[in-house]
Each structure stands twice: as C-alpha cells, then as structure tokens.
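# Reading the structure
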Amino acid sequence: MAIERVAVIGAGQMGGGIAQVAAQAGLSVVLADATPELAARGLSRIAAGLGKLVEKGKLPASGREAVLARIEAAPGLEACAGADLAIEAIVEKEDAKRELFQRLEPHLGPRAILASNTSSISITALAAATRRPDRFIGMHFMNPPPVMQLVEVIRGLQTSDETWAAVTTLAKRLGKVTVTSRDVPGFIVNRVLIPLINEACFALQEGLASAEDIDTAVKLGLNHPMGPLTLADFIGLDTCLYIAEVLHRELGEDKYRPAALLRQHVAAGWLGRKAGRGFYRYDG
C-alpha cells in the first residue's frame, strides 16, 4: 500500500515535528488539533523551525515555502478524511488515545492505517478499541522528530504484515532508520532509557553526587550526548514518571519502581524545560 497523504493529530512538539518530516519528504499532510488556535500554533512552530534551516543554509527559502504549502492546519478531525495514514500524537494517556481513535475512525477510508506515537501504551490494547485492529501499529518517533533518526515500529498482536510493511517503507521514505519491537511495556528505547533516568534520580536522591556531576559522569564516561537528568528535563518529568509507572505496573518488578524524588518533582510541578524548572532551572 502506497502512503501519500498523512494526517497527524496533535499539533504539539511531537505532532508538529512529525508533520514537518512528512511534508519535507513530499507527502501531503493534515495537522489537526482540537481548536484552530492550537492547529495554527503548531504550523507556526514548523514555520519557525524551517526558517532556522533557511538561516543556516540547509534549506532554500523556496523549499521552506514548498514544505509549508504541503501542510494543512485544521481544527477537528473532519479534515483527516482521505488520509492513507493517521498518526496520533496527543497526551500520553490511554483513555484519551482510545477516545480519539474512536472519533477519528469514521472519517477515514476502510484501507487507512492508524498509528500511535505512544512511548509506552500497549498497541494491542489501543488496536482492540478500533474496528481495524489489523491496520493499527505503533510508530514511535524520537524527540525532536526533524532531528532524530530513529522510528520505533511496534507490532500489536493483531497488526498485519501488510500494515507493518507499509509503515516501515514510509519511515524509510522519511529518511528514518526503523527498528521493530514486540508490544511489551516501554518497547525498546524506553525499556532501556527510563531505568537509566530513574537510577540517576535515585543517585541524586541518595546524595551520591550533584545533578551536574551525575550528568557529566554519564556524558563523558558513557559517551552520551547529554546526561540523564538533563534528558529527563527535556522529555518532561511527568512523561518519565508515567512511563516508569507503566514499566513497574506491567512488568511487576521492583527494579522499575519510580524514585521518590521523581514523584516529588512532578507533584511540585517541576516538570522540566516546559515548566521552567526540573532538575535544573530554565527561567531565562
């Protein structure tokens, strides 16, 4: 199945980034959100990001306009009609995702594929809430999508070979490298990453070292591009906690229990960069 028109639902950082990548690859894109303001804000972020590429000489001004011309920002789900693939990129809550897919599905043709950008929620469970479970798949882009090369493809129990082949082919067209994961909590990336972040939280909680020294040790000692606490702030501490809770609950092992310090930061509203404070301060 050839995919030429993509709908992305959720115009935040992840959804906007996915829409940008798809449009840069020459696809027709609908970027949908709940209100005209949210959809327009997402398109503005894309325009700003493309503008930086023009300033750096990585994209001609005409290329920026061509990419923007391929993206339609729209409120509601009606504009998603005609999409070959619809990618959900909303809040990481299972009930919200289920409800969205149930509202979205009537607007799509019978051959359209549904994908979730979830980083932790069961693809099998989400697929079961739709009328096309064989045409449902996980398509987990790394953050930020225009920069990060990887797309994690997650096969639910019901996902057909045809659906998997169409999505992996599309991801390669987007210039991405794909890995395929079974539908297990955390998939591949977060199964490894979140315990690392959580252990860094335990180390900070126990007074092993300062946040700066923990991050420096991991960056230089393990050759990581950024330390785990800096990365947690970038991801969002609420998202990190949610995924840690999924791993702990679903895998049932105490080694996945979230650090109390992580819970405290989330309770305080210190969610990382987006809140101006996490393990570090970002006010100004």
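Residues numbered from 1 in each chain as written. Predicted model: local features only at pLDDT ≥ 70, side-chain atom pairs only at ≥ 80, totals over all residues. Heavy atoms only, no water.

The protein goes by 3-hydroxybutyryl-CoA dehydrogenase in an unreviewed UniProt entry, where it is assigned to Anaeromyxobacter paludicola.

### Considerations on the pattern of salt bridges
Scanning the entire structure with this criterion turns up 17 salt bridges. Between Glu 4 and Arg 173 there is a salt bridge; the shortest N-O distance is 3.1 Å. Of this pair, Glu 4 sits in the segment before strand E1 (5–9) while Arg 173 sits in helix H6 (residues 161–173); the two residues are 169 residues apart in sequence, bridging distant segments of the chain. Residue Arg 173 is classed as partly exposed on the basis of its relative accessible area of 37%. Residue Glu 162 pairs with Arg 135 through a salt bridge whose shortest N-O separation is 3.4 Å. Remark: Arg 135 occurs in the loop between helix H5 (123–128) and strand E6 (136–141) and Glu 162 occurs in helix H6; sequence separation between them is 27 residues. Judged by relative accessible area, Glu 162 falls into the partly exposed class, the value being 36%. A cluster of three or more residues bridged by salt bridges with shared partners is formed by Glu 88, Glu 92 and Lys 97. (Salt bridge = Lys/Arg side-chain N within 4 Å of Asp/Glu carboxyl O. Helix = DSSP H or I, 4+ residues; strand = E, 2+ residues; numbered from the N terminus. Buried < 20%, exposed > 50% of the residue type's maximum accessible area, 1.4 Å probe, protein only.)

### Looking at helix H1 (residues 13–24)
When the terminal C-alpha atoms of H1 are compared, their 16 Å separation across 12 residues agrees well with the 16 Å that a helix rising 1.5 Å per residue should span. Counting buried residues along H1, 10 of its 12 residues qualify, which places the element largely inside the surrounding structure. Inspection of H1 places Met 14, Gly 15, Gly 16, Gly 17, Ile 18, Ala 19, Gln 20, Val 21, Ala 22 and Ala 23 among the buried residues, and these make up the whole buried set. Once H1 ends, the next one or two residues include Gly 26, with phi positive near 95°. (Expected span 1.5 Å × (residues − 1).)

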